[in-house]
Amino acid sequence: MSHPVTIFGRNAPANDAKPYTPDNIVKGNPVCKLEIFRATPDGRFMSGIWSCTKGEFHFSQAGTDETCTILEGSCKMTATPHGPDGARGAVFEYRAGESFVIPGDFVGFWETTTDMRKVFSAYTPANAPPAKL
């Protein structure tokens, strides 16, 4: 029988997730790691820990709403206004201990300003394609 509560964070059990390099790198050489601790069979809900070394890349939430809490380090998200010029828009900065929600329609840049780890829960509504993490 599985444990009814999933434990992750500082005392998380070992996870064999492999490091990867994000697509669309803008600056640096970020290396990320995604550790999924709970996911639904249809892939519409997942939670776990995501970590990344210093660097910046372009990303899109692709319809997935995500709640995050930074455990260690810091990051900066810069929204990309919808338009042909790709100009940068609003900037959001977060550090250890802070929580935030990334809406499913967010498109922009993710910059890991210091090596970081975050706990996350992500949900993709039925009318959006399942998350590709």
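Residues numbered from 1 in each chain as written. Predicted model: local features only at pLDDT ≥ 70, side-chain atom pairs only at ≥ 80, totals over all residues. Heavy atoms only, no water.

A. The arrangement of the nonpolar core in detail. Counting 20 residues, the largest nonpolar core has Trp-50, Met-77, Phe-100 and Trp-110 as its most contacted members. Of all the elements in the fold, those that place two or more residues in this core are strand 2 (32-39), strand 3 (45-52), strand 4 (55-60), strand 5 (65-79), strand 7 (99-102) and strand 8 (107-123). Here this core gets 5 residues from one element, more than from any other, and that element is strand 5. In this structure Phe-100 touches Glu-66, Thr-67, Cys-68, Ile-70, Cys-75, Met-77, Tyr-94 and Trp-110, once residues within four positions along its chain are discounted. (Core = buried A, V, L, I, M, F, W, Y, C linked by side-chain atoms within 4.5 Å. Buried < 20%, exposed > 50% of the residue type's maximum accessible area, 1.4 Å probe, protein only. Helix = DSSP H or I, 4+ residues; strand = E, 2+ residues; numbered from the N terminus. Contact = heavy atoms within 4.5 Å.)

B. Spatial organisation of the pattern of salt bridges. Under the defined criterion, the tally for this structure stands at 5 salt bridges. One salt bridge in this structure joins Glu-66 and Lys-118, with 2.7 Å as the shortest N-O distance. With Glu-66 in strand 5 and Lys-118 in strand 8, the pair connects residues that are 52 residues apart, well separated along the chain. The exposure class assigned to Glu-66 is buried, which follows from its relative accessible area of 10%. By relative accessible area, Lys-118 is classed as buried at 5%. (Salt bridge = Lys/Arg side-chain N within 4 Å of Asp/Glu carboxyl O.)

C. Molecular detail of the packing of aromatic side chains. Counted by the stated rule, this structure contains 4 aromatic pairs. For the ring pair Trp-50 and Trp-110, a centre distance of 5.3 Å and an interplane angle of 85 degrees mean the geometry is edge-to-face. A residue pair is termed long-range when its members are at least 10 positions apart, and Trp-50 in strand 3 and Trp-110 in strand 8 qualify at 60 residues. The pair formed by Trp-50 and Trp-110 is uniform in burial state, with each residue classed as buried. Aromatic ring contacts, followed pair by pair, group Trp-50, Phe-59, Phe-106 and Trp-110 into a single cluster. (Phe/Tyr/Trp six-rings, centres within 6.5 Å; stacked < 30°, edge-to-face > 60°.)

D. Region of interest: the side chain of Arg-44. Take Arg-44: it is sitting in the loop between strand 2 and strand 3. Only 3.1 Å separates the side chain of Arg-44 from the backbone oxygen of Pro-125, close enough to count as a polar contact. (Polar contact = N/O pair within 3.5 Å; in protein donor to acceptor, adjacent residues only side chain to side chain.)

E. Up close: unusual backbone geometry. Not every positive phi belongs to a glycine, and Asn-24 is a case in point at roughly 60 degrees. When you line up the elements, Asn-24 lands in the segment before strand 1 (25-28). Asn-24 gets classed as exposed once you look at its relative accessible area, which sits at 52%. Although it is not a glycine, Ala-62 adopts a positive phi angle of roughly 50 degrees. In this fold, Ala-62 is placed in the loop between strand 4 and strand 5. Overall, the relative accessible area of 48% leaves Ala-62 in the partly exposed class.

F. The arrangement of the environment of Gly-104 in detail. Summarising the element assignment, Gly-104 is placed in the loop between strand 7 and strand 8. For Gly-104, a relative accessible area of 13% translates into the label buried. Distance from Gly-104 to Ala-62, taken between C-alpha atoms, is 6.0 Å for residues 42 residues apart in sequence. Ignoring sequence-local partners within four residues, the contact set of Gly-104 consists of Gln-61, Ala-62, Gly-63, Thr-64 and Asp-65.

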